[in-house]
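# Descriptive structure summary
The residues making up each chain are set out below.
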Amino acid sequence: MKKSSFVAMVLGTVSVVLFALGMCMALIPEWNAFRPGIIFGCVGLILGIITLVVWRRMENKAPIHINGKTVLTVIIGAAGALALGVGMCFTMVWGRMIMGVVIGLVGIVVLLCLIPMTKGIKD
């Protein structure tokens, strides 16, 4: 394993754990930790961005240039993740199984569409 991959794996894991813990703290009312949860979530997001920058520098890659395709990719990825999450909420929280499965499948299809959008289709 390359050093850059190991560093990215460790930093990425820490950032995702902080973000997930922060969201749980903020969104589970029984924990009564909304403000600390928001702080943990923001620290996780910032660490995730730092991870991306550090990994790209260690790999000697150019910085990400923000253009229309990048913005569209982020928007489609967020929409797909939100659709998948809403489908899970419909199924597990609100007890609407069929609607939840349909919305979740739409989210999965949208997320799968990101692969040909970013990598392209080749012969």
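As a starting point, this report considers the structure included with it. (Residues numbered from 1 in each chain as written. Predicted model: local features only at pLDDT ≥ 70, side-chain atom pairs only at ≥ 80, totals over all residues. Heavy atoms only, no water.)

Per the secondary structure count, the chain includes four helices and zero strands. Taken from N to C terminus, the helices and strands of the chain fall in the order α-α-α-α. Here the chain has a C-alpha radius of gyration of 17 Å; the compact-globule value for 123 residues is 14 Å, and the former is much larger. The C-alpha extent of the chain, read off along each of the three principal axes, is 50 × 45 × 30 Å. Counting across all 123 residues of the chain, residues that qualify as buried make up 18%. (Helix = DSSP H or I, 4+ residues; strand = E, 2+ residues; numbered from the N terminus. Rg over C-alpha atoms; globule rule 2.2 N^0.38 Å. Buried < 20%, exposed > 50% of the residue type's maximum accessible area, 1.4 Å probe, protein only.)

Here we come to the pattern of salt bridges. The tally for this structure, following the rule as stated, stands at one salt bridge. Two residues, lysine 2 and glutamate 59, come together in a salt bridge whose shortest N-O distance is 3.1 Å. Taken together, the residues span a long stretch of sequence, with lysine 2 in the segment before helix H1 (3-27) and glutamate 59 in the loop between helix H2 (34-58) and helix H3 (68-92) at a distance of 57 residues. (Salt bridge = Lys/Arg side-chain N within 4 Å of Asp/Glu carboxyl O.)

Per the counting criterion, the structure on display carries zero disulfides. There is no disulfide at cysteine 24, and the cysteine sulfur nearest it, in cysteine 89, is 12 Å away. By relative accessible area, which is 34% here, cysteine 24 ends up partly exposed. (Disulfide = S-S within 2.5 Å.)

A few words on the packing of H1 against H2. The interhelical angle for the contact between H1 and H2, taken along N-to-C directions, is 165 degrees, at an axis separation of 7 Å. Taken together, the axes of H1 and H2 lie roughly antiparallel to each other. Crossing angle aside, the handedness with which H1 passes H2 is left-handed. For the contact of H1 with H2, the class distribution of residues is 20 nonpolar, nine polar and one charged. (Axes fitted to C-alpha atoms, helices over the stretch in contact; angles between N-to-C directions. Parallel < 35°, antiparallel > 145°, perpendicular 65-115°, else oblique. Left-handed = near helix turned anticlockwise from the far one by under 90°. Nonpolar A, V, L, I, M, F, W, Y, C, P; charged D, E, K, R; others polar.)

What follows covers the environment of isoleucine 76. Looking at where isoleucine 76 falls in the secondary structure, it is placed in helix H3. We classify isoleucine 76 as partly exposed; its relative accessible area is 24%. Spatially, the C-alpha atom of isoleucine 76 lies 8.8 Å from that of cysteine 113, the residues being 37 residues apart in sequence. The contact partners of isoleucine 76, leaving out residues within four places of it in the chain, are Val110, Leu114 and Met117. (Contact = heavy atoms within 4.5 Å.)

Their axes nearest at 7 Å, the elements H3 and helix H4 (residues 97-119) cross at an angle of 160 degrees. When the axis of H3 is compared with that of H4, the two are roughly antiparallel. In this structure, H3 crosses over H4, and the sense of that crossing is left-handed.

The next thing to look at is a nonpolar patch on the surface. A cluster of nonpolar residues, Met97, Ile98, Val101, Val102, Leu105, Val106, Ile108, Leu112 and Ile115, forms a patch on the protein surface that exposes about 860 Å² of accessible area. Within the secondary structure, valine 102 is located in helix H4. (Patch = residues over 30% accessible without salt bridge, like charges linked within 9 Å, V, L, I, M, F, W, Y side chains within 5 Å. Areas by Shrake-Rupley, 256 points an atom, 1.4 Å probe, with all protein chains shown as cover.)

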